Amino acid sequence: MAEVSTGRRSRITPEREAELYEAVLDLLREVGYDALTMDAVAARTRSSKATLYRQWGGKPELVAKAIRHNKPGNIADVDTGSLRGDLHALTALEDDCAMQQNAALMRGLFMAVHGNPDLLQAFRELLVEPEMEEFNRFVRRAVERGEVRPDCPALDYVVHMLVGAFATRTLIDDQPPTQAFLMSYIDAVVLPALGVSVD
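Keep in mind it's a predicted model, so treat the numbers as computed, not measured.

Quick notes on the rules
Residues numbered from 1 in each chain as written. Predicted model: local features only at pLDDT ≥ 70, side-chain atom pairs only at ≥ 80, totals over all residues. Heavy atoms only, no water. Helix = DSSP H or I, 4+ residues; strand = E, 2+ residues; numbered from the N terminus. Rg over C-alpha atoms; globule rule 2.2 N^0.38 Å. Buried < 20%, exposed > 50% of the residue type's maximum accessible area, 1.4 Å probe, protein only. Contact = heavy atoms within 4.5 Å. Salt bridge = Lys/Arg side-chain N within 4 Å of Asp/Glu carboxyl O. Phe/Tyr/Trp six-rings, centres within 6.5 Å; stacked < 30°, edge-to-face > 60°. Lys NZ or Arg CZ within 6 Å of the ring centre and 35° of its normal. 1 Å grid on protein atoms, 1.4 Å probe; cavity = no way out; pocket = protein on both sides within 12 Å on 5 of 7 lines; lining within 4 Å. Points joined across faces, edges and corners; volume = space filled by probe spheres on them. Nonpolar A, V, L, I, M, F, W, Y, C, P; charged D, E, K, R; others polar. pLDDT = per-residue confidence, 0-100. Axes fitted to C-alpha atoms, helices over the stretch in contact; angles between N-to-C directions. Parallel < 35°, antiparallel > 145°, perpendicular 65-115°, else oblique. Left-handed = near helix turned anticlockwise from the far one by under 90°.

**Here we look at the overall build of the protein**
Each helix and strand in the protein was counted, giving 9 helices and 0 strands. A globule of 199 residues ought to have a C-alpha radius of gyration of about 16 Å, and the protein, at 18 Å, matches this closely. Structurally, the protein occupies a C-alpha span of about 55 × 35 × 30 Å along its principal axes. Residue burial in the protein is summarised as follows: out of 199 residues, 39% are buried. Contacts in the protein between residues at least 24 apart in sequence constitute 69% of all its contacts with a sequence separation of at least 6.

Here it is in structure tokens:
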């Protein structure tokens, strides 16, 4: 299995990098992961394939970094003083339209991950592990503030609950995830599971 390189330094401007990532996401929405090629990205962005490989190593790393770049705001900056406030503030970073687009994109990528071990590794290293660390930081703060008992059995499942709600809303309700749905889910499911009362 190829090792995902995270040490490459970009020689392109942040604006150009953002343009490349947006083109990758557009192609993913149009053709899906399996049909997306580095040739197509090069053509869409008027880049050389050699430049793309030099900067990102390959398709899995490029796609994972494009997804990460597309995430709204910086969740590390969120600190409202309460777990409920933090989770609601995170949800508010992305409007309903963007949430709907990203939910469709993620459903397609979840399917692609099963047949592409390199993509799975890139997702774990570049998306899942950093996000898990941020969520764990929110939860640790809540424990330190006394909002959540340190022995609460639901502590290990906060991300699973949130990702599950986001990913399955369309499957179960035939509706996209929205801010209102996720905030009500946080209040009705996540916080009670953690023993946090919702006033």
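Anyway, onward from the coordinates.
**Here we look at the pattern of salt bridges**
Between side chains of opposite charge, a pair can form when the charged atoms approach closely. Enumeration over the complete set of coordinates arrives at 15 salt bridges. Across the salt bridge formed by Lys 65 and Glu 61, the nearest N and O atoms sit 3.2 Å from each other. Taken as a pair, Lys 65 and Glu 61 lie in helix α4 (residues 59–70) at a separation of 4 residues, close to a single helical turn. In this pair, the class of Lys 65 matches that of Glu 61, namely buried. Asp 173 is paired through a salt bridge with Arg 169; the nearest N and O atoms lie 2.9 Å apart.

**Things to note about the packing of aromatic side chains**
According to the stated counting rule, one finds 3 aromatic pairs in the structure shown. Each ring, one from Tyr 21 and one from Trp 56, has its centre 5.7 Å from the other, and the planes form 65°; the classification is edge-to-face. Here Trp 56 lies in helix α3 (residues 49–56) and Tyr 21 lies in helix α1 (residues 14–31), a separation of 35 residues in the sequence. For the pair Tyr 21 and Trp 56, one class covers both residues: buried. When the ring centre of Tyr 33 is taken as origin, the NZ or CZ atom of Lys 59, which lies over that ring, is 4.1 Å away. Lying across the ring of Phe 181, Arg 169 places its NZ or CZ 4.1 Å from the centre.

**Topic: the layout of surface pockets**
One number sums up the size of the largest pocket: a volume of about 1500 Å³. Taken together, 40 residues make up the lining of the largest pocket; nearest its centre are Lys 71, Met 106, Glu 131, Phe 135 and Val 163. Contributions of two or more residues to the lining of the largest pocket are made by α4, α5 (83–92), α6 (96–115), α7 (117–145), α8 (158–173) and α9 (179–193). No other element matches α7, which puts 11 residues into the lining of the largest pocket. Each residue belonging to the lining of the largest pocket can be placed in one class, and the counts come to 26 nonpolar, 8 polar and 6 charged.

**A few points about the environment of Tyr 157**
Along the chain, the position of Tyr 157 falls in the loop between α7 and α8. Sequence separation between Tyr 157 and Cys 97 is 60 residues, and the spatial gap between their C-alpha atoms is 27 Å.

**Quick notes on the confidence of the model for the protein**
Considering every residue of the protein, the mean pLDDT works out to 86; 93% of them sit at 70 or more. Predicted confidence in the protein is weakest over α6, with a mean pLDDT of 82, and strongest over α9, with 96. Low pLDDT (under 50) marks residues 1–9, which in the prediction has 22 contacts with non-local residues, meaning those over four places away or in another chain.

**Points about the packing of α8 against α9**
The packing of two helices is summarised by the inter-axis angle and the distance between the axes. Between α8 and α9, the shortest axis-to-axis distance is 11 Å and the interhelical angle comes to 135°. Put simply, α8 runs oblique to α9. Crossing geometry of α8 relative to α9 is assigned as right-handed. Counting all contacts with α8, which are made through Val 158, Met 161, Leu 162, Ala 165, Phe 166, Arg 169 and Asp 173, the residues of α9 involved are Phe 181, Leu 182, Tyr 185, Ile 186, Val 189, Val 190 and Ala 193. Taken together, the residues of the contact of α8 with α9 sort by class into 12 nonpolar, no polar and 2 charged.

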